[in-house]
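Understanding the architecture of this molecule
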Amino acid sequence: MPPPIPPSPPLEAAAAPILCTVDVVLLTLNPQLQVALLPRDRAPLAGALALPGGFIHADEDADPRAAAARMLRAKTGLDCPYLEQLATFGGPERDPRGWSISVAHVALVPADLLARGAAGLRWHPVDALPALAFDHAQIVAQAVARVRSKSQYSSLPVHLCGERFTLPQLQAVYEALLGEPLNKVSFRRRMEEMDLLEPIEGERTGGAHRPAQLWRLKDRRPGALTLTDRLLGPAVLAP
């Protein structure tokens, strides 16, 4: 007599849905490094300040970056010249609605474009943040660390300048991000080595006595970066 057939295991219960969002750390320099925040207009945590963000639209967004760019336009009114994926934050405790994942991004926008932004945007210095919803303070801290670190070996700070700028203006942006004064001669030599700038012929700014040359990026594709294997370190720091 054949052995009895064991009963089938019970069907696994349907998994609870996971919330999948994007959040964007939008930074500017005006004059210190600041982040854009918005009051939440719905529960949970209605009224709390938070990063611009929202749900990924599976039928509309090709990838998380596309979702972040869409969210930026919708909630801030800005098309940012620089946007990169930062990290993924997730867990059962970060959102009272349930297990959630946020694909966080960092974006940079020059201060001269802020007038185009949505009226409800609130800009706060990254070193003096108010209380934020969810784990957004942690996301901001990681984004600021990424930007400051990357400023040591890339052209990333240029994306906080306008389309045209002088070399002293660019050096001031690097100094603000690195938190250190830089030697003028060494800084300009490093910019030449990176070969990322070109002069705008016939365009200068300032007084008639010694007008400053205006410069722009050679590679003006959105988000383009030039990297160097030499850090902006002690050799470039001002004495």
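Residues numbered from 1 in each chain as written. Predicted model: local features only at pLDDT ≥ 70, side-chain atom pairs only at ≥ 80, totals over all residues. Heavy atoms only, no water.

**Looking at the state of the cysteines**
Basically, it comes down to this: The term disulfide is used for any two cysteine sulfur atoms that are within 2.5 Å. When accessible area is computed with a 1.4 Å probe and restricted to protein chains, residues below 20% of their type maximum are described as buried, those above 50% as exposed, and intermediate ones as partly exposed.
The final tally for this structure, using the stated rule, is zero disulfides. In this model Cys80 remains outside any disulfide bridge; the closest cysteine sulfur is found in Cys161, 15 Å from its own. Residue Cys80 is classed as buried on the basis of its relative accessible area of 16%. Given a relative accessible area of 7%, Cys161 falls into the buried group.

**Section: unusual backbone geometry**
Here is the rule: Labels follow the DSSP assignment, with helices taken as runs of H or I lasting at least four residues and strands as runs of E lasting at least two, numbered in each case from the N terminus.
Here the amide bond leading from Asn30 into Pro31 is cis, since omega sits at -10°, within 30 degrees of zero. Tracing the sequence through the fold places Pro31 in the loop between β1 (19–29) and β2 (33–39).

**Description of the pairing of strand β5 (residues 82–91)**
As a reminder, the rule being used: Strands are treated as partners if at least two bridges between them are detected by DSSP.
Of all ten residues that make up β5, seven are buried, and the element is covered over most of its length. Direction of pairing for β5 relative to strand β6 (residues 100–108): antiparallel, over a ladder of nine bridges. Its bridge partner lying in β6, Tyr82 is registered against Leu108.

**Considering the packing of aromatic side chains**
The geometry of an aromatic ring pair is captured by the separation of the ring centres together with the interplanar angle, meaning the angle of the planes. Filter applied, for reference: Each Phe, Tyr or Trp ring, with Trp reduced to its six-membered ring, pairs with another whose centre is within 6.5 Å; inter-plane angles below 30 degrees give stacked pairs, above 60 give edge-to-face pairs, and intermediate values give tilted ones.
Enumeration according to the criterion identifies one aromatic pair in this entry. Ring geometry for Tyr174 against Phe187: centres 5.3 Å apart, planes inclined by 65°, an arrangement best described as edge-to-face. Of this pair, Tyr174 sits in helix α3 (residues 167–178) while Phe187 sits in helix α4 (residues 184–194); the two residues are 13 residues apart in sequence, bridging distant segments of the chain.

**What to know about the environment of Ser151**
Rules: Here, two residues are considered to be in contact whenever any of their heavy atoms come within 4.5 Å of each other. Counted as a polar contact is a pair of N or O atoms within 3.5 Å, where, for protein atoms, one must be capable of donating a hydrogen and the other of accepting one, and residues adjacent in sequence contribute only when both atoms are in side chains.
Its place among the elements puts Ser151 in the loop between α2 (136–150) and α3. Exposure remark for Ser151: the relative accessible area of 0% places this residue in the buried category. Between the C-alpha atoms of Ser151 and Leu214, which are 63 residues apart in sequence, the distance is 21 Å. Among all residues touching Ser151, those that are not within four sequence positions of it are Leu156, Pro157, Tyr174, Leu177, Leu178 and Leu232. Reaching out from Ser151, the side chain makes a polar contact with the backbone oxygen of Val147 at a distance of 2.7 Å.

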